[in-house]
2 protein chains.
Amino acid sequence: MTVTIREIAKQAGVSRGTVDRVLNDRPGVKPHVRARILEIVNELNYVPNLAAKALAYQKKPVVFGIVMPPEDIEFFESIRSGINSAADELKDLGIRLDYRYVDNRGPEEGAAAIRELVEAGVSGIMFSVMDDELIRASIDYAAERNVPVVTFNSDVEHSKRICFVGQDLHKSGLVAAGLMNRVLHERAKVVIVTGNLKFHAHRSRVEGFRKGLADYGSRFEVLDVIEGYDRYAETFEQLDRLLGEHADLGGIYMATGDIAACVDAIKKHRREGQLRVVCNDLMPPAEQGLRERIIDFTIVQNPERQGYVSLRMLYDHVFAGKQPESEHHFTETHIYIPESL
Amino acid sequence: MTVTIREIAKQAGVSRGTVDRVLNDRPGVKPHVRARILEIVNELNYVPNLAAKALAYQKKPVVFGIVMPPEDIEFFESIRSGINSAADELKDLGIRLDYRYVDNRGPEEGAAAIRELVEAGVSGIMFSVMDDELIRASIDYAAERNVPVVTFNSDVEHSKRICFVGQDLHKSGLVAAGLMNRVLHERAKVVIVTGNLKFHAHRSRVEGFRKGLADYGSRFEVLDVIEGYDRYAETFEQLDRLLGEHADLGGIYMATGDIAACVDAIKKHRREGQLRVVCNDLMPPAEQGLRERIIDFTIVQNPERQGYVSLRMLYDHVFAGKQPESEHHFTETHIYIPESL
DNA sequence: ATGAAAGCGCTAACAT
DNA sequence: ATGTTAGCGCTTTCAT
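What counts, and at which threshold
Sequence order as written defines the numbering, with residues in each chain counted from 1. As they are written, the chains are lettered A onward and the ligands numbered 1 onward, keeping that order. Only residues with pLDDT of at least 70 are given local features in this predicted model, and only at 80 or more are side-chain atom pairs given and counted; all residues enter the totals for whole chains, interfaces and linings. The side-chain quantities take in all heavy atoms of the structure and omit both hydrogens and water. Residues are treated as being in contact if the distance between any of their heavy atoms lies within 4.5 Å. The rule for a salt bridge is simple: a side-chain nitrogen of Lys or Arg has to be within 4 Å of a carboxyl oxygen of Asp or Glu. Pairs of N or O atoms within 3.5 Å make up the polar contacts considered here, provided that, within protein, one atom can donate a hydrogen while the other can accept it, and that residues adjacent in sequence are counted only when both atoms are side-chain atoms. Here a helix means four or more residues in a row that DSSP labels H or I, a strand means two or more in a row labelled E, and each is numbered from the N terminus. The copies were overlaid with a least-squares fit restricted to C-alpha atoms from residues scoring a pLDDT of at least 70 in each copy. Relative accessible area decides the class of each residue, using a 1.4 Å probe on protein chains only: under 20% of the type maximum gives buried, over 50% gives exposed, and in between gives partly exposed. The rule for a residue being near a molecule or strand is that one of its heavy atoms must lie within 4 Å of it. When residues are grouped by polarity, Ala, Val, Leu, Ile, Met, Phe, Trp, Tyr, Cys and Pro land in nonpolar, Asp, Glu, Lys and Arg in charged, and all others, Gly among them, in polar. Only strands joined by at least two bridges in the DSSP assignment are considered to pair. Simply put, an axis is a line fit to the C-alpha atoms, just over the touching stretch for a helix, and the angle between two N-to-C directions goes from 0 to 180 degrees. Expected span of a helix: the number of residues minus one, times 1.5 Å. The arc in question is traced by the directions running from the helix axis to the C-beta atoms. Grid spacing is 1 Å over the protein atoms alone, the probe is 1.4 Å, and a cavity is where that probe fits but cannot get out, while a pocket is an open set with protein on both sides within 12 Å along at least five of seven lines and lining residues have an atom within 4 Å of a point. Grid points are joined across faces, edges and corners, and a volume is the space filled by probe spheres set on the points.

- As annotated in an unreviewed UniProt entry, chain A carries the name Substrate-binding domain-containing protein and is attributed to Paenibacillus rhizovicinus.

### Quick word on the interface of chain A and chain B
In many analyses, interface size is given as the accessible surface area lost on bringing the parts together.
Thought 1: With 37 residues of chain A at the interface, the matching set in chain B holds 37 residues.
Thought 2: Counting every contact that joins chain A to chain B gives four salt bridges.
Thought 3: E89 of chain B is the partner of R312 of chain A in a salt bridge, and the nearest nitrogen-oxygen pair spans 3.5 Å.
Thought 4: Put simply, chain A and chain B have 19 residue pairs in polar contact (both at pLDDT 80 or more) between them.
Thought 5: Mapped by element, the contributors of at least two residues to the side of chain A that touches chain B are helix 4 (50–56), helix 5 (74–90), helix 8 (169–183), helix 13 (303–320) and strand 12 (334–336) of chain A.
Thought 6: With seven residues, the single largest contributor to the side of chain A that touches chain B is helix 8 of chain A.

### What to know about the relation of the copies chain A and chain B
Thought 1: Laying chain A over chain B is done by rotating through 180 degrees and shifting 0.0 Å along the axis; what remains is an RMSD of 0.1 Å. What the superposition gives is, in effect, a two-fold axis relating one chain to the other. It is A51 of chain A whose C-alpha, among those of chain A, lies nearest the rotation axis, at 2.3 Å.
Thought 2: Take the interface residues of chain A: 100% of them recur as interface residues in chain B, which is what a same-surface contact looks like.

### Some details on the pattern of salt bridges
Thought 1: All chains considered together, the criterion is met by 49 salt bridges over all chains.
Thought 2: Here D92 of chain A ties to K91 of chain A by a salt bridge, and the two come within 3.9 Å at their closest N and O atoms.
Thought 3: Salt-bridge contacts for R293 of chain B lead to E339 of chain B; the nearest nitrogen and oxygen are separated by 3.7 Å. Taken together, the positions of R293 of chain B in the loop between helix 12 (284–291) and strand 10 (297–300) and E339 of chain B in the segment after strand 12 (334–336) put the pair 46 residues apart, joining distant regions of the chain.
Thought 4: Judged by relative accessible area, which is 34%, R293 of chain B ranks as partly exposed.

### Digging into the protein's contact with DNA strand C
Thought 1: Taken together, 30 residues sit near DNA strand C, with R21 and K30 of chain A together with I5, D20 and Y46 of chain B positioned nearest.
Thought 2: A share of 68% of the atoms of DNA strand C within 4 Å of the protein falls on sugar and phosphate groups.
Thought 3: The backbone of L55 of chain A places a nitrogen or oxygen atom 3.4 Å from a base oxygen of DNA strand C.
Thought 4: In this structure, N49 of chain B approaches DNA strand C through a main-chain N or O atom, which is 3.4 Å from a phosphate oxygen.
Thought 5: Of all the elements in the fold, those that place two or more residues in the surface near DNA strand C are helix 2 (16–23) and helix 4 of chain A together with helix 2 (16–23) and helix 4 (50–56) of chain B.
Thought 6: At four residues, helix 4 of chain B tops the list of elements feeding residues into the surface near DNA strand C.
Thought 7: Grouping the constituent residues of the surface near DNA strand C by class yields 12 nonpolar, nine polar and nine charged.

### Some points on the sheet that holds strand 2 (residues 95–101) of chain A
The strands making up a sheet associate through backbone hydrogen bonding, with each pair oriented either parallel or antiparallel.
All names here are of chain A.
Thought 1: Reading across the sheet, the six strands line up as 2-1-3-4-5-11 and stay open at both edges, with parallel pairing between neighbours. On the outer flanks of this sheet lie strand 2 and strand 11 (328–331), each paired with one strand and no other. Across the sheet, the mean angle separating the axes of adjacent strands is 20 degrees when strand polarity is ignored.
Thought 2: Pairing analysis gives four bridges linking strand 5 (residues 163–167) to strand 11, with the strands arranged parallel. Bridging from a neighbouring strand, F164 pairs with H328 of strand 11.

### As for the protein's contact with DNA strand D
Thought 1: As a structural note, the neighbourhood of DNA strand D is formed by 31 residues, with I5, D20 and Y46 of chain A together with R21 and K30 of chain B the closest of them.
Thought 2: For DNA strand D, the backbone portion of the atoms within 4 Å of the protein, that is sugar and phosphate, comes to 62%.
Thought 3: Contacts to DNA strand D include I5 of chain A, whose backbone N or O atom sits 2.7 Å from a phosphate oxygen.
Thought 4: Within the contact set of DNA strand D, a phosphate oxygen lies 3.4 Å away from a side-chain nitrogen or oxygen of N24 of chain A.
Thought 5: Elements supplying a minimum of two residues to the surface near DNA strand D: helix 2 and helix 4 of chain A together with helix 2 and helix 4 of chain B.
Thought 6: In terms of residue class, the surface near DNA strand D is built from 11 nonpolar, 10 polar and 10 charged.

### Let's talk about unusual backbone geometry
Thought 1: The backbone of R187 of chain A sits at a positive phi, close to 45 degrees, despite the residue not being glycine.
Thought 2: Among the structural elements, R187 of chain A can be located in the loop between helix 8 and strand 6 (188–194).

### A closer look at helix 3 (residues 31–44) of chain B
Residue and element names in this part refer to chain B.
Thought 1: A rise of 1.5 Å per residue sets the reference length of helix 3, with its 14 residues, at 20 Å; its end C-alpha atoms lie 20 Å apart and thus fit the reference within 8%.
Thought 2: Among all positions of helix 3, only R34, I37, I40, V41 and L44 are buried. End-on view of helix 3: buried residues confined to an arc of 130 degrees, all on one side of the axis. For helix 3, the exposed residues lying more than 90 degrees away from the buried face are P31, H32, N42 and E43.
Thought 3: Looking at the buried side of helix 3, the elements it contacts are helix 1 (5–12) and helix 2.
Thought 4: Count one or two residues on from helix 3 and you reach N45, which has phi positive near 60 degrees.

### Re empty space enclosed by the protein
Thought 1: If you walk through the whole model with that rule in mind, you get three cavities of 30 Å³ or more.
Thought 2: Roughly 60 Å³ of volume is contained in the largest cavity.
Thought 3: Lining of the largest cavity is provided by L290, R293, I295, D296, I337, P338 and E339 of chain A together with G178, N181, R182 and Y216 of chain B.
Thought 4: Ranked by residues supplied to the lining of the largest cavity, first place goes to helix 8 (residues 169–183) of chain B with three residues.
Thought 5: In terms of residue class, the lining of the largest cavity is made up of five nonpolar, two polar and four charged.
Thought 6: Estimates place the volume of the second largest cavity at around 50 Å³.
Thought 7: Looking at the second largest cavity, the residues that line it are G178, N181, R182 and Y216 of chain A together with R293, I295, D296, I337, P338 and E339 of chain B.
Thought 8: When its residues are assigned to classes, the lining of the second largest cavity shows four nonpolar, two polar and four charged.

Shown next as structure tokens:
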């Protein structure tokens, strides 16, 4: 027999309305009555029926806000497709989405979007813009008003978000090192390309990679760590120089940065196939590089999964009262080769 | 405004009961009335509300039957965990599961289980035992009684199942070849280990692998294809012989078979690290082999995902009337290295 | 502070 | 052949 509100009401000798008030933390119930009901709830191991909840919410569906960079950014399209497939599963379960696309070059828009959504009465927020003091304050503002926030893809550390859903950056660096180990031999020289070492996220991959190499003794030499600031020109220029200086360079780890620049630099020096290249993500330049056999491996962070999991997590939190198992939910780290495509 | 049965009934000038009869293909409606209602349904683009459906089904939950090998088989535990996580999401949506564990050495039990489930009135069946004439007949028997069957992990070809959910075996062979290409150099000799070439599934991986090697020109030589019949002794013995005969063997592709036997044979000949080894799945022996750096890569078929997708597909079919997009649903092919663990 | 009752969209049993 | 109605479990509004 499944336990219902009706059953609890009967046992407590009150009406279903009162039980509902208690279960949803609404005022208007005498403390001792509330206590008694909670007792019975625990004893009977009551679990709310989500279908019934959903039906009752039909009139006034629960809204989840989503704050992310503009639609035209390739990488986020994959995330959105994951979000939408979760939304699809949940569409009859009484939820609606409110997307807010904000400029990701500064924190202002993102911070404002969170506040607007809270004012508008959303029941939860998914957020992915940047890590900033202003943003952190907005997240905490939401949290204080009981609006749970899940950050995805890039975290806002030390904020009151209930969870971060994204890649394990350190591990992706480790895996990259493992791949280098497999394809390079005795005493190889490698170079690391990153965006900006001031960013924690960019540093993590580099650190993971170094740690991974170290596990294989001292046979690897990291010639240089290039900061390309995610720009083509800077990245190309520096790699161009390095390739010129080191005829014996064995591998390139594109931790973060413009992959096209890397591919072009290798082509310019006619070193296709002589260098082992490991990069991240499966954007068109990486895919193209794989197909041309210039890139050996690319490590992906499952953007669809990130979107899917984040929304599902909010739903479970709001409707079933589930806490995330940990404050970090890492999506699996997967390796792609040309044949995987 | 969402379209409801009530709305359709009003427009058609009939009662909700009649609309319900039409929508669920129940008898007792005059053909022209039925046609008229269907017309309106299409015009208004009616989509049933699953939460409401689920609630209404509470009294008499829909049951899905699951036929698979015994609980103690490691590989199927992962699949089951995927099934259960889907069931968890669907638990309030009016479904129950009926597991039938059958001996997978012969077709009889599996075939009988299907029939029993059909007689018991289940609304759908997930099946994973073996490909056999007896089984095929049972699946068709179910299909004829409008009980949809999804085969998972291993298919029953040419049967009336609505879909097969599992790995793309050919692709996993291709990927294995791609990995060999990356880690072996000029003119390498490799050996393929499979279970039984009479089985279509076992053949597929081997064919994919050969096709993949061929893509890299003629630099690979396949010394032998060993049939180990999934047994330790046979596999060990043959690999032992081969390793003795060919000091220059470059790689082993364990397409199907006992991985512990492979690891042990390599250890006996003290060829750890000198041979590149690619295998499948992430059972304990493979994991152990990876950690010991005897196995270089293992290619996985996402057993959890197979379970999850299969159940979800049945649900969508039965409750939302969705047809599978294709009669094969391949789970992604992923590559693992020690660092992935 | 608490109870009673209507309604969310659908199904199924019972009436007509 | 078709209409009516009573739930399914929960929320919410209106009485008391």
